[in-house]
Amino acid sequence: MVSKRFVVKRLLLLVPVLFGVASLVFAILHLAPGDPAKVIVGQRASTAQVQQVRTELGLNDPIWIQYVRFLGDAVVFDFGNSYQIARGTPVREVLVERLPVTIELALYGQVLGILFGIPLGILSAVKQDSITDHLTRVGALAGISVPIFWSGPLLILLFATSLGWLPTSGRIGTAFFLPDTWTLLGTELPLTGMVTVDTLLLGNWEAFVSAVQHLFLPAVVIGIYSMALLSRMMRSSMLEVVRQDYMRTARAKGQGAKITVLKHGLRNALIPVITVIGIQFGTLLGGAVLTETIFGIGGIGTMLVAAIGATDYPLVQGTVLTFALLFTLVNLGVDITYSYLDPRIQQ
Amino acid sequence: MAADTRTRTAASSRGLFDRLRASPFLSNLLSNRLAVAGLGIIFAMVVVALYARLFVAGPFGAPLSDLTSSQLGNAQNKAPPGWLAGQGLLTDIFGTDAQARDIYERTLYGAWLALKWGTVTVGLSTVLGVGLGTLAAYYGDVTDNVIMRTMDVLLAFPSLLLALALVAIFGASLGNAVIALVLVYTPRFARVVRGAALKVLEDEYVDATVALGASDPRVLVKHVLPNSLAPITVQSTLNFGLAIIDLAALSFLGFGAAPGTPSWGIMLSEGVNNGLLTGQWWLSFFPGLFLAVTVLGFNLLGDGMRDALDPRMRETVD
Amino acid sequence: MSDPLGSTAALRRYLRDGLGLLARSALVGAALGAVLLLGLLATGESERAASTTAFALGALVFGFGTLSWSGSVLLGGSVESAQRFLDTNTDWTEADSRRAMARVAGAGLGAMLAVAVLGSVVAGL
């Protein structure tokens, strides 16, 4: 069992993580050249206009006061309004709207990667140096080598443009319009923002099919990369476990080698692989940025790219902190899974 | 112990080449068919890159502007490869892009750019990593802690996201993209070099040199470099593939090479913008194929090198 | 290491050790921050620009240290195993990293405080 204290301890760590990221973001934005006020009013604005915006934003206060104010706002995830990309809209609203999109994409990609990567890695280890092993290893290497921004376009060209089996971009067919809320037993509840979940909640089967069709290729593109990485990890982790003494003893007792491997080795071999899934989540987010760009999905990744391009600082700040929060939460989840598999870790 | 020291001294007095030939590393590596295939791919790409630099654009070929600026007016845009249109194998073998530029020439020149910027990125990371790793090992204690812990943190960031953040701060340009990636890759080298340097420091012959008065990190670099050559090479090879992919990704997103540059990342982004919905697959296919094959070459070789360094991995289950 | 959340005594000991470590590095940081601020002022920077740069650098160090400290605690196990499989041999340990990063964060905090105090008292910002 996972103790409550273990979870509380991990959750408490969120505070310094976000505190640290917020301080870093603050410091970097104040060290970077350029005046945010100029971004808002434009390069050709008069000095008076720039000064006015600076006063409005509090940029003329001493920096330590700005820092304390920034931290106070960051606690409630208030980064002010977007300068350019979603002009005038509070960053928090933009994030709430975009975040589920990216989470949905990353989640399906990761699930595909785990479903295929781990069995392939086990297979490769069990049949070490066989044809299967060689094919899996080369396949995994190829999966890591093929960039998302090549496999993505090629899959679109093949399955969407040429064959017409799947849509080219977006999240759901244009004919579908999803309301903001759904009703359960007479109460109105907000939707999640993830189309595959929302369409099911609304009971709109056709819209669900459309959402799945839209999500399929992007999830596969992310999944291939994740699968390649996980199968490599799983293989080497499995081989390492198999070499340990108790495995030799178990084999010497006369059980079939393959059954022994699966029975005793799997649980131990999974432990390091699961921890890597957490760390690898960051790479997955990077992949999501590219995938969203290719498939025209309006998630947090495309928004980050646009915000960087337009030096929309509040939006960049909000996104960076959101990524940090996500990363920490995912690793918290991984930690809990980990302690299920390896009860020693709690002490 | 005494015998051990003698062998080591003998080994260090022999030439680098002899030692390489005698090492199990190289024979392990050469018996790995995949690694040899990777080596072949890299060699082929180097040839392509040099050919492109010399004969496609450059001193003996057309001026670079033929590859970068629009060729509309001279030729048809988005023309499919000649062998598809029944015009013979060698006319427009990869087709032309939205500005009627020859994709074959641009893709070939892309190999030169990828290898050039990959070399700069990996080279700078190696130099910085060797320096920092050696300093950390040599001074130990606080210096070691500060350097290596900083490296650890940098290592924990996902490379593309960290590079994006840096580019967000310092502005989008190829130079900044390279600097960002150097920052991202340096820790891997520092780590490897520090490990090797610590091993060398434990050896007596460095103690002896230091006792003779040569007490600065230069001595260490002189002894560390030969001893950490193999792990550094493995890291360089693996990171070379990564550097090429990450640089292309940054260019693809618009934060690297300038628009119009015949680099694979830019060509892929132009392919997505101009050919994705209308079905001109050759705009994306050929530059991406070269990119993927090159990266695969580095990954195959790097992977084989790692196995050759760590023979444990070759042990079989049964 | 005993669990700091295990008992009141353990928590008190943990905090005392931690605060001592922080205070010592904060002193070093404060000195560095003050020197940096005065140095920037001496090069002819305006009071605002000098305090902004010095404070932001302190915040940079502080943020880096805090993030890495919590990162070490959170990801300690994961990083150790990830490096065992994906990287070459390492000797990364969570405990080392935590102590080193607590020092870094303390120094950054000291620098920020020193700049804020010096800036508001001396320069009257």
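Residues numbered from 1 in each chain as written. Chains lettered and ligands numbered in written order. Predicted model: local features only at pLDDT ≥ 70, side-chain atom pairs only at ≥ 80, totals over all residues. Heavy atoms only, no water.

By the naming in an unreviewed UniProt entry, chain A goes by ABC transporter permease subunit and is assigned to Halomarina oriensis. Per UniProt, the comment on chain A under Sequence similarities (unreviewed entry) is "Belongs to the binding-protein-dependent transport system permease family." (UniProt positions renumbered as here; feature names shortened; annotations may be inferred.)

Enquirer: Help me understand the overall build of chain C, please; the structure alone is not making it clear to me.
Expert: For chain C, the helix and strand inventory stands at 3 helices and 0 strands. What you see in chain C, going N to C, is helices and strands ordered as α-α-α. Per-residue burial over chain C gives 45% buried out of 125 residues. Here the analysis covers contacts within chain C between residues at least 6 apart in sequence; of these, 67% occur between residues at least 24 apart. Surface exposure of chain C reaches about 6100 Å², of which carbon and sulfur atoms provide 67%. (Helix = DSSP H or I, 4+ residues; strand = E, 2+ residues; numbered from the N terminus. Buried < 20%, exposed > 50% of the residue type's maximum accessible area, 1.4 Å probe, protein only. Contact = heavy atoms within 4.5 Å. Areas by Shrake-Rupley, 256 points an atom, 1.4 Å probe, with all protein chains shown as cover.)

Enquirer: What should I look at first to understand the interface of chain B and chain A in this one?
Expert: Size of an interface, as often reported, equals the accessible area lost when the parts are brought together. At the junction of the two partners, chain B supplies 42 residues and chain A supplies 44 residues. We note a salt bridge from Arg232 of chain A to Asp303 of chain B, for which the minimum N-O separation is 3.2 Å. Seen at the junction of chain B and chain A, the total is 5 residue pairs in polar contact (both at pLDDT 80 or more). Of all the elements in the fold, those that place two or more residues in the side of chain B that touches chain A are helix 8 (159-170), helix 12 (229-253), helix 13 (264-275) and helix 14 (282-309) of chain B. For the side of chain B that touches chain A, the element with the most residues is helix 14 of chain B, which contributes 13 residues. Partitioning the side of chain B that touches chain A into residue classes produces 27 nonpolar, 8 polar and 7 charged. (Salt bridge = Lys/Arg side-chain N within 4 Å of Asp/Glu carboxyl O. Polar contact = N/O pair within 3.5 Å; in protein donor to acceptor, adjacent residues only side chain to side chain. Nonpolar A, V, L, I, M, F, W, Y, C, P; charged D, E, K, R; others polar.)

Enquirer: I'm lost on the packing of helix 12 of chain B against helix 14 of chain B in this one. Help?
Expert: For any two helices packed against each other, the geometry comes down to the angle between their axes and how far apart the axes lie. Residue and element names in this part refer to chain B. Two numbers describe how helix 12 lies on helix 14: the axes approach to 9 Å, and their chain directions differ by 160 degrees. Here helix 12 is positioned roughly antiparallel relative to helix 14, judged by the angle of their axes. Crossing hand, helix 12 versus helix 14: left-handed. In this structure, helix 12 uses Ala230, Pro231, Thr233, Val234, Thr237, Leu238, Phe240, Gly241, Ile244, Ile245 and Ala248 to contact helix 14, whose residues at the interface are Leu291, Thr294, Val295, Phe298, Asn299, Leu301, Gly302, Asp303, Met305, Arg306 and Leu309. The residue makeup of the contact of helix 12 with helix 14, split by class, is 14 nonpolar, 6 polar and 2 charged. (Axes fitted to C-alpha atoms, helices over the stretch in contact; angles between N-to-C directions. Parallel < 35°, antiparallel > 145°, perpendicular 65-115°, else oblique. Left-handed = near helix turned anticlockwise from the far one by under 90°.)

Enquirer: Honestly, the pattern of salt bridges in this entry has me stumped. Any pointers?
Expert: A side chain of one charge can pair with a side chain of the opposite charge when the charged atoms of the two come close. Applying the stated criterion across every chain yields a total of 4 salt bridges over all chains. We note a salt bridge from Arg235 of chain A to Asp133 of chain A, for which the minimum N-O separation is 2.9 Å. Here Asp133 of chain A lies in helix 7 (residues 131-145) and Arg235 of chain A lies in helix 10 (residues 205-242), a separation of 102 residues in the sequence. Pair check on accessibility: Arg235 of chain A and Asp133 of chain A agree, each one buried. Through salt bridges that share partners, Arg101, Arg106 and Glu270 of chain B make up one connected network.

Enquirer: For this particular structure, what's the right way to read helix 12 of chain B?
Expert: Quick reminder: α-helices carry 3.6 residues per turn. Residues three or four places apart thus point the same way. All names here are of chain B. Between the first and last C-alpha of helix 12 there are 35 Å, a value that for 25 residues agrees with the 36 Å anticipated at 1.5 Å per step. Along helix 12, 21 of the 25 residues are buried, which leaves the element largely enclosed by surrounding structure. Where helix 12 ends, the next residue or the one after it, Gly254, has phi of about 95 degrees, a positive value. (Expected span 1.5 Å × (residues − 1).)

Enquirer: I'm lost on the side chain of Thr66 of chain C in this one. Help?
Expert: By the element assignment, Thr66 of chain C lies in helix 2 (residues 47-86). At 2.6 Å, the side chain of Thr66 of chain C forms a polar contact with the backbone oxygen of Phe62 of chain C. If we skip the residues at most four places from it in the chain, Thr66 of chain C touches Pro16, Phe19 and Gly20 of chain A together with Ala105 of chain C.

Enquirer: In this structure, what is going on with a nonpolar patch on the surface? I would like to understand it.
Expert: Residue and element names in this part refer to chain C. Taken together, the side chains of Leu11, Tyr14, Leu15, Leu19 and Leu22 make up a nonpolar region of the molecular surface, amounting to roughly 410 Å² of accessible area. Its location among the elements puts Leu11 in helix 1 (residues 8-42). Leu11 gets classed as partly exposed once you look at its relative accessible area, which sits at 33%. (Patch = residues over 30% accessible without salt bridge, like charges linked within 9 Å, V, L, I, M, F, W, Y side chains within 5 Å.)

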